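# Fold and geometry: a report
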Number of protein chains: 2
Amino acid sequence: MRYSDTHKDETRKKVVRAAAAAVRSKGPEGVGVAEIMAAAGLTHGGFYAHFPSKEALIVAAIDEAFGSSARRFARLTDGASRREALATFVDTYVTMRHRDHPEGGCPVATLSSDLPRQGLAVREAYERGLKSLVRRVAGWLPEATPDPDSVAASLVAEMAGSVLIARAISDDAEADRLLADARHRIKHRMGILT
Amino acid sequence: MRYSDTHKDETRKKVVRAAAAAVRSKGPEGVGVAEIMAAAGLTHGGFYAHFPSKEALIVAAIDEAFGSSARRFARLTDGASRREALATFVDTYVTMRHRDHPEGGCPVATLSSDLPRQGLAVREAYERGLKSLVRRVAGWLPEATPDPDSVAASLVAEMAGSVLIARAISDDAEADRLLADARHRIKHRMGILT
DNA sequence: GCCTTTATATGATGATGATCATATTAGACG
DNA sequence: CGTCTAATATGATCATCATCATATAAAGGC
């Protein structure tokens, strides 16, 4: 083995991470293979040594995007109570920071409308990620919550929807107000505030 | 004037309507000028006699998409009370029909994630449409509602978010259940049910 | 230090699509 | 009915981009 065992894998990871950011900020159709490779510090030539197609990269990028979000929230909510975890989630998700940084944000709030137009493999990756997100949120709901998956899906819908709408609003102060209202409303609804 | 006064205008309208559908089902980057012209029964050649650029068409298409949704709901809710109008809106918006037909649906649930990547003119058209939608919904809220625009924005966020998530769910029965839950939850929250 | 292999780079290729230049046609008006 | 022009069609052009073919370079073992 002429290169170290891990060399190619590390390169691949770099490419996937670059793709995960690019795909969220520019959409699956909006990024080019060459651009992603450049972002990873490479040229476009070696691409097909790592992935059979652009679509395969998009799939990996979506998995990575959901995965890194999941890891980040796991870190943030480590050791917290259900209620605290939920509050942290809302306070991190429904924010100007998230509005202004799609490249590192939740794929649900970034790729949702692109999805129906993608190939099966991409949609499956997205659905996988979405379901695991909903299940995670459901796990933070009070134990007595009836039908927690449904409540969680509804929460995710409102949070993602709020961020999407905030992204469409050009006035920062107005977007900020909208998000603050949404946070308050969502937490109230979850019984975190009363 | 060799053609009737209205001929060119009518053609333009046909093109815009075709674009309004195409843009919602395939996204602004996903449709081609030639494809839209063909859908309107023309070839791509005459396009630039009608629009200075593809972007100008997208702007017109977004205006048309928001406009036609608005007209449809105006018709549906004509003469209804506020409460009835709101219920009708929810019952029409948060449905499988809407999930399965983005081409005729609400642009918020179809173009949201494409938007940040579009040019200024497109984003302005979208913002215009979104705000008028929110204002319309706000007008249906009970008179006593404090901060109706904020409540309306939140409702739109949850409704659009629910449809987006339902679109990501491949299993029809599951999506249907999610939407039914969302409808119930939203109406409950609005005080329409109790 | 050299050789071999694996990883990456350089440089096609072919397709697609926005835009534009030129040709053709439709139809109002005389 | 023929003419003339607005409206549309046909057919470039140029750029972008996924994909692939071939060339170069890096580095572990000798």
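Just so it is clear, the structure is predicted and the values come from calculations on it, not from any experiment.

Basis of the calculations
Residues numbered from 1 in each chain as written. Chains lettered and ligands numbered in written order. Predicted model: local features only at pLDDT ≥ 70, side-chain atom pairs only at ≥ 80, totals over all residues. Heavy atoms only, no water. Phe/Tyr/Trp six-rings, centres within 6.5 Å; stacked < 30°, edge-to-face > 60°. Lys NZ or Arg CZ within 6 Å of the ring centre and 35° of its normal. Helix = DSSP H or I, 4+ residues; strand = E, 2+ residues; numbered from the N terminus. Buried < 20%, exposed > 50% of the residue type's maximum accessible area, 1.4 Å probe, protein only. Contact = heavy atoms within 4.5 Å. Least-squares fit on C-alpha atoms with pLDDT ≥ 70 in both. pLDDT = per-residue confidence, 0-100. Expected span 1.5 Å × (residues − 1).

## Some thoughts on the packing of aromatic side chains
Residues and elements named next belong to chain A.
- In this structure the tally under the stated criterion is 12 aromatic pairs over all chains.
- One aromatic cluster is present, built from ring pairs that chain together Phe73, Phe89, Tyr93 and Trp140.
- The aromatic ring of Phe73 is capped on one face by Arg72, whose charged end is 5.5 Å from the ring centroid.

## A few points about the environment of Ala153(B)
- When you line up the elements, Ala153(B) lands in helix H9 (residues 148–168).
- Given a relative accessible area of 8%, Ala153(B) falls into the buried group.
- Residues Ala153(B) and Arg135(B) lie 18 residues apart in sequence; the distance between their C-alpha atoms is 8.5 Å.
- Discounting chain neighbours no more than four positions away, the residues touching Ala153(B) are Ile165(A), Leu178(A) and Val134(B).

## Observations concerning the relation of the copies chain A and chain B
- Of the transformation placing chain A onto chain B, the axial shift is 0.0 Å and the rotation is 180°, giving an RMSD of 0.0 Å. In short, the pair behaves as if placed about a two-fold rotation axis.
- When you check the interface residues of chain A against chain B, 100% turn up at the interface there too, and the contact is symmetric in its surfaces.

## Some words on the confidence of the model for chain A
- For chain A, mean pLDDT is 94; residues scoring 70 or higher make up 96% of the total.
- Looking at the elements of chain A, mean pLDDT is at its lowest for helix H1 (residues 7–26) of chain A, recorded as 94, and at its highest for helix H6 (residues 96–100) of chain A, recorded as 98.

## A closer look at helix H5 (residues 82–93) of chain B
Residues and elements named next belong to chain B.
- The end-to-end C-alpha distance of H5 is 16 Å, a good match for the 16 Å that 12 residues give at a rise of 1.5 Å each.
- Within H5, burial applies to Ala85, Leu86, Ala87, Phe89, Val90 and Tyr93.
- Contacts made by the buried residues of H5 are with helix H4 (54–76), helix H6 (96–100), helix H7 (108–111), helix H8 (120–140), H9 and helix H10 (172–189).

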